[in-house]
Amino acid sequence: ETGVTQTPRHLVMGMTNKKSLKCEQHLGHNAMYWYKQSAKKPLELMFVYSLEERVENNSVPSRFSPECPNSSHLFLHLHTLQPEDSALYLCASSQRDRGLAGAIKETQYFGPGTRLLVL
Amino acid sequence: EDQVTQSPEALRLQEGESSSLNCSYTVSGLRGLFWYRQDPGKGPEFLFTLYSAGEEKEKERLKATLTKKESFLHITAPKPEDSATYLCAVRNQGGSEKLVFGKGTKLTVNP
């Protein structure tokens with residue numbers, strides 16, 4: 001496997017189900033991200049993990065629970081979702097390094113996404 | 001608040017017909033402008049990063065340029081395989097890891 005992989009690629013769940021999305025990065029990066037992409041909307045950042053520590057949480061409802069057990073794996077645990085949570089969930093990774101003059105130069109690389117449908 | 005506006009929303013070209021996509025941004029200190037390509041049902045694929053006004057980068061038929069207020073993605077003699085949605089994103093100097101994305105431009109190149 002190369003790059004960033006995500007499983008499953010498609011998921012249909014009822015509002016009372018509990019499921020998990022998995023992301024694995026094979027790039028040796030030290031930061032991982034969850035994004036949500038809904039139709040006609042820009043990508044929205046949900047969570048950021050750097051060195052396995054959550055550094056950002058963009059006011060995401062508690063029915064989404066991230067977990068980062070190590071720098072290569074990231075999970076998004078889902079429970080009691082709503083139909084409006086149906087979207088493409090994208091995982092990304094990057095290498096957080098400091099370039100000259102303290103500027104952080106990094107590029108985020110994305111996985112293929114999980115298409116989630118909540119019924 | 002940082003904002004990114006991409007235009008047009010959709011663009012239809014004939015094969016070989018060159019054009020440009022626009023990304024206008026408002027950001028409190030630009031720390032990078034990113035272009036991605038996204039095919040249907042797939043994740044965004046990284047194309048370019050630009051850091052300062054006047055910077056240009058090229059890859060095959062694509063060329064990205066940056067000014068203090070906007071970036072252009074020029075497509076020269078496009079082919080049908082260039083059809084995709086092109087996303088623009090910016091990062092500010094505030095120390096956040098957040099990328100602010102535009103809604104994208106859907107490009108269709110007809111043979």
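It should be noted that the structure appears before, not after, this text.
Below or above, wherever it landed, is the structure these notes cover.

**With respect to the nonpolar core**
- Core analysis: the largest hydrophobic core is formed by 25 residues, its most contacted members being Tyr25(B), Leu33(B), Trp35(B), Leu73(B), Tyr86(B) and Val90(B).
- Mapped onto this core, the elements with two or more residues apiece are strand E2 (10-14), strand E3 (19-26), strand E4 (30-38), strand E5 (45-50), strand E7 (62-66), strand E8 (70-75), strand E9 (84-92) and strand E11 (105-110) of chain B.

**Thoughts on the sheet that holds strand E1 (residues 3-7) of chain B**
Residues and elements named next belong to chain B.
- Spatial strand order, E1-E3-E8-E7-E6: 5 strands in an open sheet with antiparallel pairing. Looking at strand neighbours, the two that pair on one side only are E1 and strand E6 (56-59), the edges of this open sheet. Across the sheet, the mean angle separating the axes of adjacent strands is 15° when strand polarity is ignored.
- One ladder, built from 6 bridges, connects E3 with E8; its direction is antiparallel. Each bridged residue has a counterpart across the sheet, and for Ser19 the counterpart in E8 is Ile75.

**Section: the interface of chain A and chain B**
- Taken together, the contact pairs 24 residues of chain A with 20 residues of chain B.
- Surface buried jointly by chain A and chain B totals about 1800 Å² across both partners, of which 53% is contributed by carbon and sulfur atoms.
- The interface formed by chain A and chain B contains 0 salt bridges.
- In this structure, the connection of chain A to chain B is made through 4 residue pairs in polar contact (both at pLDDT 80 or more).
- Elements with a contribution of two residues or more to the side of chain A that touches chain B: strand E4 (31-37), strand E5 (44-50), strand E9 (87-94) and strand E10 (109-110) of chain A.
- Of all the elements, E4(A) adds the most residues to the side of chain A that touches chain B, at 3 residues.
- Each residue belonging to the side of chain A that touches chain B can be placed in one class, and the counts come to 12 nonpolar, 5 polar and 7 charged.

**A short note on the side chain of Gln38(B)**
- Along the polypeptide, Gln38(B) turns up in strand E4.
- A distance of 2.9 Å separates the side chain of Gln38(B) from the side chain of Gln37(A), its partner in a polar contact.

**What to know about the pattern of salt bridges**
All names here are of chain B.
- Applying the stated criterion across every chain yields a total of 5 salt bridges over all chains.
- With a shortest N-O distance of 3.8 Å, Glu55 and Lys57 are connected by a salt bridge.
- Between Asp82 and Arg61 there is a salt bridge, with the nearest N and O atoms lying 2.8 Å from each other. Residue Asp82 is located in the loop between E8 and E9, and its partner Arg61 is located in the loop between E6 and E7; the two are separated by 21 residues in the primary sequence.

Scoring rules and cut-offs
Residues numbered from 1 in each chain as written. Chains lettered and ligands numbered in written order. Predicted model: local features only at pLDDT ≥ 70, side-chain atom pairs only at ≥ 80, totals over all residues. Heavy atoms only, no water. Core = buried A, V, L, I, M, F, W, Y, C linked by side-chain atoms within 4.5 Å. Buried < 20%, exposed > 50% of the residue type's maximum accessible area, 1.4 Å probe, protein only. Helix = DSSP H or I, 4+ residues; strand = E, 2+ residues; numbered from the N terminus. Pairing = 2+ DSSP bridges. Axes fitted to C-alpha atoms, helices over the stretch in contact; angles between N-to-C directions. Contact = heavy atoms within 4.5 Å. Buried area = accessible area lost by both parts, 1.4 Å probe. Salt bridge = Lys/Arg side-chain N within 4 Å of Asp/Glu carboxyl O. Polar contact = N/O pair within 3.5 Å; in protein donor to acceptor, adjacent residues only side chain to side chain. Nonpolar A, V, L, I, M, F, W, Y, C, P; charged D, E, K, R; others polar.

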